[in-house]
Amino acid sequence: AQKVTQAQTEISVVEKEDVTLDCVYETRDTTYYLFWYKQPPSGELVFLIRRNSFDEQNEISGRYSWNFQKSTSSFNFTITASQVVDSAVYFCALTLNQAGTALIFGKGTTLSVSS
Amino acid sequence: KAGVTQTPRYLIKTRGQQVTLSCSPISGHRSVSWYQQTPGQGLQFLFEYFSETQRNKGNFPGRFSGRQFSNSRSEMNVSTLELGDSALYLCASSLAQSAGASSYNEQFFGPGTRLTVL
């Protein structure tokens, strides 16, 4: 069975601190896709990144970076120099190589950034 | 380009009633998926529709059903409501195509419908 675990339920940091959100996934499939979504207080999920199982290159987008390691089945997300606007719930998700778009979500990590 | 829209945004029903939620995808998107979000269970996949056909289904009872129209708009219906059905129902659309795998496609989410069952 497939599963996504986000062990950190809540994280609180002060502005300008770096913070890493952990994501561990389980699947026996060799082809799969990993995603991160952000859910601000408004409730709408916002897509952040997609990674396929054959691409282990790390990615950086501004203050955001992602570290994908198949050896540990992890897809961690780091925010550098956090800002108050980063406060949200962050979800890691997994989908398999199939027709259809069913996402398997982790329980989410609530990030609170204070000024 | 307009985003995914969901109506109504808030809904209050009583146990035993039924409810219909509506979702209009981004223009050109033919895949619509529905998710239920609760504090206890988190985000769970309900079902996906593509070209008016249900393509995937999550592990929910038959009281949860849906359909998709020829213009890709989708509705979700919950019959015989239970207290545990209180949740945020999110709709997502994507450019997923009919042929081959499409699970890599980014999904665009709507603001959700907050359903409260009393």
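Predicted model, so just to flag it, every value in this text is computed and none were measured. Chains are numbered independently. Their residues run from 1 in the order of the written sequence. Here every chain gets a letter starting at A, and every ligand a number starting at 1, in the order they are written. Two thresholds apply to this predicted model, a pLDDT of at least 70 for residue-level local features and 80 or more for giving and counting side-chain atom pairs, whereas whole-chain, interface and lining totals are computed over all residues. As a convention, hydrogens and water are excluded, and side-chain values are obtained from all of the structure's heavy atoms.

**Student:** I'm lost on the overall build of chain B in this one. Help?
**Tutor:** Helix and strand content of chain B: zero helices and eleven strands. Traced from its N-terminal end to its C-terminal end, chain B shows the element sequence β-β-β-β-β-β-β-β-β-β-β. For 118 residues, the compact-globule formula gives about 13 Å, and the C-alpha radius of gyration of chain B, at 14 Å, lands near that figure. Projected onto its principal axes, the C-alpha coordinates of chain B cover approximately 40 × 30 × 25 Å. Exposed residues in this analysis have more than 50% of their type's maximum accessible area, buried residues have under 20%, and partly exposed residues fall in between, with area computed by a 1.4 Å probe over protein chains only. Taking all 118 residues of chain B together, the buried fraction comes to 51%. Here the contacts in chain B between residues at least 6 apart in sequence split such that 57% fall between residues at least 24 apart. All accessibility values rest on the Shrake-Rupley procedure with a 1.4 Å probe; residue burial counts only the protein chains present in the view. Total accessible area computed for chain B in this model is approximately 5400 Å², and 49% of it derives from carbon and sulfur atoms. The convention is simple: Lys and Arg are positive, Asp and Glu are negative, and His and the chain ends are not counted. Each charge is placed at NZ for Lys, CZ for Arg, CG for Asp and CD for Glu. Charged side chains in chain B number 11 positive and 6 negative. The centres of these two groups are separated by 4 Å. For the purposes of this entry, the term helix denotes a DSSP run of H or I that reaches at least four residues, the term strand denotes a run of E that reaches at least two, and both are numbered from the N terminus. Only C-alpha atoms enter the radius of gyration, while the globule expectation follows 2.2 Å times N to the 0.38, with N the number of residues. Only heavy atoms enter the contact rule, under which two residues are in contact if any of them lie within 4.5 Å.

**Student:** Mind showing me how you'd approach the state of the cysteines here?
**Tutor:** Two cysteines whose sulfur atoms are joined by a covalent bond form what is called a disulfide. The rule for a disulfide is simple: a pair of cysteine sulfur atoms within 2.5 Å. Under the defined criterion, the tally for this structure stands at two disulfides over all chains. Covalent S-S linkage joins Cys23(A) and Cys92(A), the inter-sulfur distance amounting to 2.0 Å. Taking the torsion about the sulfur-sulfur bond, which here is approximately -65°, the covalent link between Cys23(A) and Cys92(A) counts as left-handed. Separated by 69 residues along the polypeptide, Cys23(A) in the loop between strand 3 (19-21) and strand 4 (24-26) and Cys92(A) in strand 10 (residues 88-96) bring together distant segments of the chain. For Cys92(A), a relative accessible area of 0% puts it in the buried group. In this model, Cys23(B) is linked to Cys91(B) through a disulfide, with the two sulfur atoms separated by 1.7 Å. The sign of the -55° torsion about the S-S bond sets the Cys23(B)-Cys91(B) disulfide as left-handed. Of the two residues, Cys23(B) sits in strand 3 (residues 19-24) while Cys91(B) sits in strand 9 (residues 87-94), which places them 68 residues apart along the sequence. Note on Cys23(B): relative accessible area 0%, which makes it buried.

**Student:** Whenever I open this one, the sheet that holds strand 7 (residues 64-68) of chain B confuses me. Can you help?
**Tutor:** Either a parallel or an antiparallel arrangement is found when strands of a sheet pair, and the pairing is made through backbone hydrogen bonds. Residues and elements named next belong to chain B. Strand pairing is assigned whenever DSSP identifies at least 2 bridges connecting the two strands. As summarised here, the arrangement of the four strands in space is 1-3-8-7, forming an open sheet in which the pairing is antiparallel. Taken across any chain shown, the strands that pair with only one partner, and hence form the sheet edges, are strand 1 (5-7) and strand 7. Between one strand axis and the next, the sheet turns by 20° as a mean value, whatever way the strands run. Of the strand pairs in this sheet, strand 1 and strand 3 are connected by three bridges, and their pairing is antiparallel. All axes here are fitted lines through C-alpha atoms, helices being fitted over the stretch that makes contact, and every angle between N-to-C directions spans 0 to 180 degrees.

**Student:** What is the right way to look at the pattern of salt bridges in this model?
**Tutor:** In what follows, salt bridge is the name for a side-chain nitrogen of Lys or Arg lying within 4 Å of a carboxyl oxygen of Asp or Glu. Evaluated as defined, the whole model comprises eight salt bridges over all chains. A salt bridge links Asp86(A) to Arg63(A); the nearest nitrogen and oxygen atoms lie 2.8 Å apart. You can see Asp86(A) sitting in the loop between strand 9 (74-79) and strand 10 and its partner Arg63(A) sitting in the loop between strand 7 (59-61) and strand 8 (64-69), a full 23 residues away along the chain. For Arg63(A), a relative accessible area of 25% puts it in the partly exposed group. With a shortest N-O distance of 3.2 Å, Arg67(B) and Glu75(B) are connected by a salt bridge. The partly exposed category is assigned to Arg67(B), whose relative accessible area is 46%.

**Student:** How do you make sense of the interface of chain B and chain A when you look at a structure like this?
**Tutor:** A common way to report how large an interface is uses the accessible area buried once the components associate. Facing 28 residues of chain B, the contacting portion of chain A comprises 22 residues. Both sides of the chain B and chain A interface together cover about 1900 Å² of buried area, and 54% of this is carbon and sulfur. The interface formed by chain B and chain A includes zero salt bridges. N or O atoms closer than or at 3.5 Å make up a polar contact, with two conditions inside protein: a donor-capable atom paired with an acceptor-capable one, and, for residues adjacent in sequence, both atoms drawn from side chains. Linking chain B to chain A there are four residue pairs in polar contact (both at pLDDT 80 or more). Counting residues per element, the ones that place at least two in the side of chain B that touches chain A are strand 4 (31-38), strand 5 (42-50), strand 6 (53-57) and strand 9 of chain B. The term buried area denotes the loss of accessible surface (1.4 Å probe radius) that occurs when two parts are joined, taken as the sum for both partners.

**Student:** Is there a simple way to think about the layout of surface pockets in this case?
**Tutor:** If a probe as big as a water molecule is rolled over the atoms, it shows which places are left empty. As a volume, the largest pocket reaches approximately 440 Å³. Both site types are read off a 1 Å grid over the protein atoms alone. A 1.4 Å probe that fits but cannot get out defines a cavity, while an open set with protein on both sides within 12 Å along at least five of seven lines defines a pocket; lining residues have an atom within 4 Å of a point. Together, 22 residues line the largest pocket, and Leu103(A), Ile104(A), Leu43(B), Gln44(B) and Phe45(B) are the ones closest to its centre. Of all elements in the fold, only strand 1 (3-5), strand 10 and strand 11 (104-105) of chain A together with strand 5 and strand 6 of chain B reach the threshold of two or more residues within the lining of the largest pocket. When residues of the lining of the largest pocket are assigned to their parent elements, the largest contribution, four residues, is made by strand 5 of chain B. The nonpolar class holds Ala, Val, Leu, Ile, Met, Phe, Trp, Tyr, Cys and Pro. Asp, Glu, Lys and Arg form the charged class, and all remaining residues, Gly among them, are polar. Among the residues forming the lining of the largest pocket, the class breakdown is nine nonpolar, ten polar and three charged. Forming the walls of the second largest pocket are 17 residues, and the residues nearest its centre are Val89(A), Phe91(A), Lys107(A), Gln37(B) and Pro39(B). The class makeup of the residues in the lining of the second largest pocket is five nonpolar, nine polar and three charged. Grid points are joined across faces, edges and corners, and a volume is the space filled by probe spheres set on the points.

**Student:** Looking at this model, I keep getting lost on the side chain of Ser33(B). Mind explaining?
**Tutor:** Of note, Ser33(B) is situated in strand 4. By relative accessible area, Ser33(B) is classed as buried at 0%. When residues no more than four places from it in sequence are discounted, the contact partners of Ser33(B) are Thr101(A), Phe45(B), Phe47(B), Glu48(B), Leu90(B), Cys91(B), Ala92(B) and Gln107(B).

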